[in-house]
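An overview of the molecular structure
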Amino acid sequence: MRIGFVGAGKVGVTLGRYIISGLNNHSDSVILGDTEISGYYSLHDKSAKEAATLTDTKCYRSLKEITDASDVLVLTVPDGAILSVWEELRVLDIENMIICHCSGAMTSKIFSGVTEAGAFGYSIHPMYAISSKAESYKKLGEALFSIEGDDKYIDKIYEFITALGNECVIIKDCDKVRYHSAAVMASNLVTGLFSMAGKLMAQCGLTNEQADKALIPLFLGNCQAVAEKGAVESLTGPIERNDVGTVIKHINVLSGNERVAYLALSKGALEVAMKKHPDTDYSELLGILNQNSVKEN
């Protein structure tokens, strides 16, 4: 099985290097079999050449060339470019080919007409923040992959990913956006929350460096606790303690987006607290949060 990548950015290079590393580490795997990376095609020749060099594969000069040289094509282009690449690809000879993209939010339905072309469409998404062509592939083994698409080869793709050593789940197309929103909450939106905390520290007269020194140990310590013990066991703070007075003080001092975020996230934390302390009466705290949330709306 020859796997080609259309798009030579961080995602394409990381996946290519990770698969090659997996093939080398599991050379006796029946499932991985005679898999190889055919190479890369990109609108930017320099990127494709760099990707080919990093993976010791080939750089192709056209979409047709890499299609002819591959059994599987993985579109690792930005989400906004997937449809235009597919429109070029669908007029080529792609019969019996597996066509994939790696968007977290889009489904395989973006490959309109793929069945009529005799090919099979899938979305494959690693739940990992890929940030470096040089380093990210080394940690990709920790990521869970989700796959969605045609029934024909979905089990084989599942077996391939698990043979590389990853946890893998098959999800429905109707759940894809909800799945991706969960990933964004746990990853991208956390940075927004941290930035809000930094602004509040600045309002108290702290420099950026002082704010980071104050917040980073809290941030990292809590993330590590959640990773090791789960959300319920790691929850601390005024919500968990049912400290109504402190929460009211927080609400009164906050405004704008910070207040909205505080109320929404406090209600989420309260659900966790109720699981941790099922015998505690949190009704007063819940009423305060609900009442103030209504005022914001």
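The preceding data block contains the structure.
Below is a summary of the structure that appears in this document.

Rules and cut-offs
- Throughout, residues of each chain are indexed from 1 in the direction in which the sequence is written.
- Thresholds applied to this predicted model are a pLDDT of at least 70 for local features of residues and 80 or more for the giving and counting of side-chain atom pairs; totals over whole chains, interfaces and linings are not thresholded and use all residues.
- Hydrogens and water molecules were not included; the side-chain quantities draw on all heavy atoms of the structure.
- In what follows, salt bridge is the name for a side-chain nitrogen of Lys or Arg lying within 4 Å of a carboxyl oxygen of Asp or Glu.
- For the purposes of this entry, the term helix denotes a DSSP run of H or I that reaches at least four residues, the term strand denotes a run of E that reaches at least two, and both are numbered from the N terminus.
- Whether a residue is buried, partly exposed or exposed follows from its accessible area with a 1.4 Å probe, protein chains only, as a fraction of its type maximum: under 20%, in between, or over 50%, in that order.
- Classification of ring pairs uses Phe, Tyr and Trp, with its six-membered ring standing for Trp, and accepts pairs whose centres are within 6.5 Å; under 30 degrees between planes counts as stacked, over 60 as edge-to-face, and the remaining range as tilted.
- In our convention, an over-ring charge means Lys NZ or Arg CZ found within 6 Å of a ring centre and within 35 degrees of that ring's normal.

**What to know about the pattern of salt bridges**
Tallied over the entire structure, the rule returns 10 salt bridges. A salt bridge links Lys 133 to Glu 50, with the shortest nitrogen-to-oxygen separation between them at 2.9 Å. One end of the pair, Lys 133, is in the loop between strand S6 (120–126) and strand S7 (145–149); the other, Glu 50, is in helix H2 (residues 45–55), with 83 residues separating them in the sequence. Across the salt bridge formed by Glu 142 and Lys 139, the nearest N and O atoms sit 3.8 Å from each other. You can call Glu 142 exposed: its relative accessible area is 61%. By relative accessible area, Lys 139 is classed as partly exposed at 43%.

**Focus on the packing of aromatic side chains**
Tallied over the entire structure, the rule returns 4 aromatic pairs. Seen from their ring centres, Phe 5 and Tyr 40 are 5.2 Å apart, and the 15 degrees between their planes marks the pair as stacked. One end of the pair, Phe 5, is in strand S1 (residues 2–6); the other, Tyr 40, is in strand S2 (residues 36–41), and 35 residues separate them in sequence. With respect to burial, Phe 5 and Tyr 40 carry one shared label: buried. Ring plane angle 70 degrees and centroid distance 5.2 Å describe the contact between Phe 194 and Phe 219, whose orientation is recorded as edge-to-face. Separated by 25 residues along the polypeptide, Phe 194 in helix H7 (residues 188–203) and Phe 219 in helix H8 (residues 208–229) bring together distant segments of the chain. For Phe 219, a relative accessible area of 31% puts it in the partly exposed group. Here the guanidinium or amino end of Lys 152 rests over the ring plane of Tyr 153, the centre of that ring lying 5.7 Å away.

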